[in-house]
Amino acid sequence: MKMSTAAIKKGATKGEHRSFHLGFARWPAGTTALAFEIWLALAVAYYVAFALELNSAAGVGTGLLILVGPTQGMVLSKAIYRIAGTLFGALIALVLTSLFSQDRTMLIAVFSVYMACLVALATLLRDFRAYGCILAGYTVALISIADVDAPTATFTGMLDRVAVILLAVLVLAFVSAILATAESERSLQSKLRLATKDIVAMALAALDQRVPPDPSQCVAMSARLMPLRSEIGFATPELLDGWARAKGARSALLGLFEAISAIQALGLGLRNMSAASSTIDEAISIMRAAIVAQRPEKRLSDIDALTHQAMEAQALSIDEAYVLDRCKFMIEVFRDIRDGLLSSRVGRLPRRSVSLPVHQDYVAAVLNGLRVGLAVGIVGLLAVLSGLPGASLMILGTIVFVSLGSVLHDPLAMGRAALLMTPAVIITGTIYDFLIFPNVSDYPLFIISLAPVVTITCWLIKTGKGPMGIFYGVQSISLLSPANVQTLDPTAFVNTVAFLVAGSVCIFFSLLLIVPVDPALRRLRLALAVGRTLRKALSDENRLNQPEASLHYDRLSQFSSWQHGEPVTPARRNVMRRLSDLGNLSFAVRRSWRALDQARIAVDPAIDAKARQILPTLSAVEILDLSRTYLAAAEGLDRSKRLDLVHAAAALYGTAVLTTSEMRLLRHLKLLRYHSQGV
């Protein structure tokens, strides 16, 4: 999913499962605390805005409710990017207004292109960086488009807008700091520990059954792990040493992804064992003890000693060498996982600093930008043709919610939220403007009266209905427009409601009809990306990039999510297995290149040259012969060089086995180039 905002999707921690059921409704744990925090921030922000007599004081409420996230870290992360997006958008608003102050059509046309570019960029970003990018777009709308008929008021509007946003952000950050609970950090720690236990269970099952786990199980685990990448960013601003804890969490998370591939490789090797082996039985015993220990690296020397013992007895077959090599790698992976977990818990730097690259769908970015650009242009043109001053409200709603919806995994979710929640927004506005506000004369009663709106917003977000919560909260406060002196104008209220309804319809049909998302094409692009990664791995002899496990499993989890709602057939499971195998083959090829480099000084140059010539062809028979050649060459070497050749033999063997299992698909992708075997 492209925008992993907590307001849209969140995984529940163990504590979050303790929810209450009030009749037909579920009251998730933490909802009351979140609602109180947002309400308190709203009370402080409105008081300051009214005291300073800001012209855009009503915008404080919408600014705060857009910032709502289920945890403190999410709120702070969102606030940081909101400030940056607001300042950038304010600057662009001044530029566009100065260029097109007398031309509404050109202003809207240029703004449509600008907004399309920002949404395309936001699609490639994740977390609240994407939100900040979109905010830089619709801040221009709130300043330039809203004052399109009064360009001389743009500068004043910009100052008011920036003041209101900074006030909302600073107040919410202050309140969050006072009520700090480090909820994101605790949630992250809990999920990482639980995921580690499940990965250990998966590894033990593979060792017991001596078969690799089902690909669907691996994909499900990757889909569960991938959101933690975002949560690391959410947890970082909660604590002073959050940056060090984040490095540890990233190392642990990458280790969990690597462990999934390592378990698959080890299970594959155990399944392909030609005969029972006491060496492998002993290696499994070592593995079982290592992966549950806090210091797995202490057992690395045991695997090396077992390998040397088998080599000296001339009783090490190529399949045994492969299993021993994968056992060693898995112990190293769990070493990194345990080290990352410890670093994340105590706040020290881990032994390695890593990044977690993810899949970028550039085609989807262009399509999302095109959708927003067309929607803004069409709605803006209709507003210009209508000639109604209040029509800018319809444009603003379309810009904000079509942009936010476009970067969601399911863009139409925001469109449905707009249609479903508009009646609730109108009812809320009617009750407050006609029944509550006329009977409220002082500030305490006024701010207490807003508590239900805040509570409903937080409840919707906490129950996983993020788009509905955002739309309801923002549009309700926007419709109410609280001010120092609250006046009731029924005609203005009816006009505003009419444009709100029109805007909601525009939002829904923009997301439904303009460049609709095609899950089949998304899956096709993901599959092609997996193939391109393998092609790059085959030609990567000089660069020797590290395998990007997070990238591979992000693709698999996205592929699975785009099949949501479709029946799970044997054909679909087969597709997932093949994509998983291609990704693991990419890892095996990159591992082979590195192993050949390590073994170069210890092997005959003719053998090394032949290996480098054969590996890119994916000729399974020849690569398998080469693996046996490397293993045979290792028998006559001293211990200091022997392990490098065993590692090279195992890496080549793994490449050959995976190539054999997916020969038909590789031939279809034109990745097989035979030498001695012929075509």
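Quick look at the structure, then. What you see is a predicted model, and the numbers here were worked out from it, not measured in a lab. (Residues numbered from 1 in each chain as written. Predicted model: local features only at pLDDT ≥ 70, side-chain atom pairs only at ≥ 80, totals over all residues. Heavy atoms only, no water.)

Side note on the overall build of the protein
As a reminder, the rule being used: Secondary structure elements follow DSSP: runs of H or I no shorter than four residues count as helices, runs of E no shorter than two count as strands, and numbering proceeds from the N terminus. Here's how the labels work: a residue is buried when its accessible area is under 20% of the maximum for its type, exposed when over 50%, partly exposed in between, all with a 1.4 Å probe on protein chains only. What makes two residues a contact is simply this: any of their non-hydrogen atoms within 4.5 Å. For accessible areas, the Shrake-Rupley method is used with a probe of radius 1.4 Å. Any residue's cover is judged against the shown protein chains and nothing else.
Each helix and strand in the protein was counted, giving 27 helices and two strands. Scored against the burial criterion, the 679 residues of the protein give a buried share of 56%. Long-range contacts, defined here as pairs at least 24 residues apart, represent 81% of the contacts in the protein between residues at least 6 apart. In the form shown here, the protein has an accessible surface area of approximately 27700 Å², with 63% of it arising from carbon and sulfur atoms.

Notes on the packing of helix H16 (residues 412-436) against helix H19 (residues 466-480)
Short version of the rule: Where helices are involved, their axes are fitted lines through C-alpha atoms of the stretch in contact, as for all axes, and angles between N-to-C directions lie from 0 to 180°. Should the near helix be turned anticlockwise from the far one by less than a right angle, the crossing is left-handed, and should it be turned clockwise, the crossing is right-handed. In this classification, the charged set is Asp, Glu, Lys and Arg, the nonpolar set is Ala, Val, Leu, Ile, Met, Phe, Trp, Tyr, Cys and Pro, and all remaining amino acids, among them Gly, are polar.
In contact at an axis separation of 8 Å, H16 and H19 are set at 35 degrees when each is read in the N-to-C sense. Crossing geometry of H16 relative to H19 is assigned as right-handed. Its residues assigned to classes, the contact of H16 with H19 shows 16 nonpolar, five polar and one charged.

Section: unusual backbone geometry
Positive phi outside glycine occurs at Arg210, with the angle close to 60 degrees. Residue classification places Arg210 among the partly exposed positions, given a relative accessible area of 30%. Its identity is not glycine, yet Ser481 carries a phi of approximately 45 degrees, on the positive side.

What about the packing of aromatic side chains?
Worth spelling out the cut-off: Working definition: a ring pair exists when centres of Phe, Tyr or Trp rings (six-membered ring for Trp) sit within 6.5 Å. Plane angles under 30 degrees give stacked, over 60 give edge-to-face, the rest tilted. Charge-over-ring contacts are defined here by two conditions on Lys NZ or Arg CZ: a distance within 6 Å of the ring centre and an angle within 35 degrees of the ring normal.
Under the criterion given, the structure shown has 15 aromatic pairs. Where Tyr46 meets Phe446, the ring centres are 5.8 Å apart and the plane angle is 70 degrees; that geometry is what we call edge-to-face. Of this pair, Tyr46 sits in helix H1 (residues 31-51) while Phe446 sits in helix H17 (residues 443-449), and the two are 400 residues apart along the sequence. We note that Tyr46, like Phe446, is buried. Aromatic pair Tyr47 and Tyr443: ring centres 5.5 Å apart, planes at 70 degrees, arrangement edge-to-face. Residue Tyr47 is found in helix H1, and its partner Tyr443 is found in helix H17; the two are separated by 396 residues along the sequence. Taken together, the ring pairs in this structure connect Tyr46, Tyr47, Phe50, Tyr432, Phe437, Tyr443 and Phe446 into an aromatic cluster. Lys465 extends its terminal NZ or CZ atom over the ring of Trp459, reaching a point 5.9 Å from the ring centre.

So, the pattern of salt bridges
Operational definition: Salt bridge criterion: a side-chain nitrogen from Lys or Arg within 4 Å of a carboxyl oxygen from Asp or Glu.
Enumeration over the complete set of coordinates arrives at 24 salt bridges. Here Arg628 ties to Asp625 by a salt bridge, and the two come within 3.9 Å at their closest N and O atoms. A residue pair is termed a helical-turn pair when its members lie 3 or 4 positions apart in one helix, as Arg628 and Asp625 do in helix H25 (residues 620-634) at three residues. For Arg628, a relative accessible area of 43% gives the class partly exposed.

What to know about the environment of Ser187
Relative to the helices and strands, Ser187 resides in helix H7 (residues 183-209). The buried category is assigned to Ser187, whose relative accessible area is 10%.

Things to note about a nonpolar patch on the surface
Keep this limit in mind: A patch consists of residues exposed above 30% relative accessible area that lack any salt bridge, with like charges linked at up to 9 Å and nonpolar side chains (Val, Leu, Ile, Met, Phe, Trp, Tyr) linked at up to 5 Å.
Among the surface-exposed residues, Val363, Leu367, Leu370, Leu374, Ile378, Leu381, Leu382 and Leu385 lie close enough to one another that they form a single nonpolar patch of about 700 Å² accessible area. If you trace the backbone, Leu385 turns up in helix H14 (residues 362-386).

A closer look at the packing of helix H2 (residues 59-66) against H19
The relative placement of two packed helices is expressed as an angle between their axes plus a distance between the axes. Counted only if it meets this: Between 65 and 115 degrees an angle is taken as roughly perpendicular, under 35 as roughly parallel, over 145 as roughly antiparallel, and anywhere else as oblique.
At a closest axis distance of 8 Å, the pairing of H2 and H19 adopts a crossing angle of 175 degrees. For the element pair H2 / H19, the angle class is roughly antiparallel. On the side of H2, the interface is formed by Gly61, Thr62, Leu65 and Ile66, while H19 contributes Gly473, Val474, Ile477 and Ser478. Looking at side-chain class alone, the contact of H2 with H19 contains four nonpolar, four polar and no charged residues.

Focus on the side chain of Ser476
We count it as follows: Counting of polar contacts relies on pairs of N or O atoms within 3.5 Å, with two restrictions inside protein: one atom must be capable of donating a hydrogen and the other of accepting it, and residues adjacent in sequence are counted only when both atoms are side-chain atoms.
Mapped onto the elements of the fold, Ser476 is located in helix H19. Within polar-contact distance, the side chain of Ser476 engages the backbone oxygen of Tyr472 at 2.6 Å. Apart from the residues within four sequence positions on either side, Ser476 is in contact with Val425, Thr428, Val453 and Phe471.

Considerations on the environment of Leu91
By the element assignment, Leu91 lies in helix H3 (residues 72-99). When the C-alpha atoms of Leu91 and Met158 are compared, they prove to be 8.5 Å apart, with 67 residues separating the residues in sequence.

Brief notes about the nonpolar core
To be explicit about the condition: Nine residue types can take part in a nonpolar core, namely buried Ala, Val, Leu, Ile, Met, Phe, Trp, Tyr and Cys, and a core is a set of them joined through side-chain atoms within 4.5 Å.
The biggest cluster of nonpolar side chains holds 111 residues, and the ones touching the most others in it are Leu225, Met330 and Tyr630. Ranked by the residues each element gives to this core, the list is headed by helix H10 (residues 242-271), at 15 residues. If we ignore the near neighbours within four places in the chain, the residues touching Leu225 are Ala195, Leu253, Leu256, Phe257 and Ile260. By size, the runner-up hydrophobic cluster in this structure holds 102 residues, among which are Val60, Phe401, Ala418 and Leu500.

Quick word on the side chain of Ser580
Note that Ser580 resides in helix H23 (residues 570-599). Given the relative accessible area of 1%, Ser580 is considered buried. Setting aside residues up to four positions removed in sequence, Ser580 forms contacts with Pro215, Gln264, His552 and Leu556.

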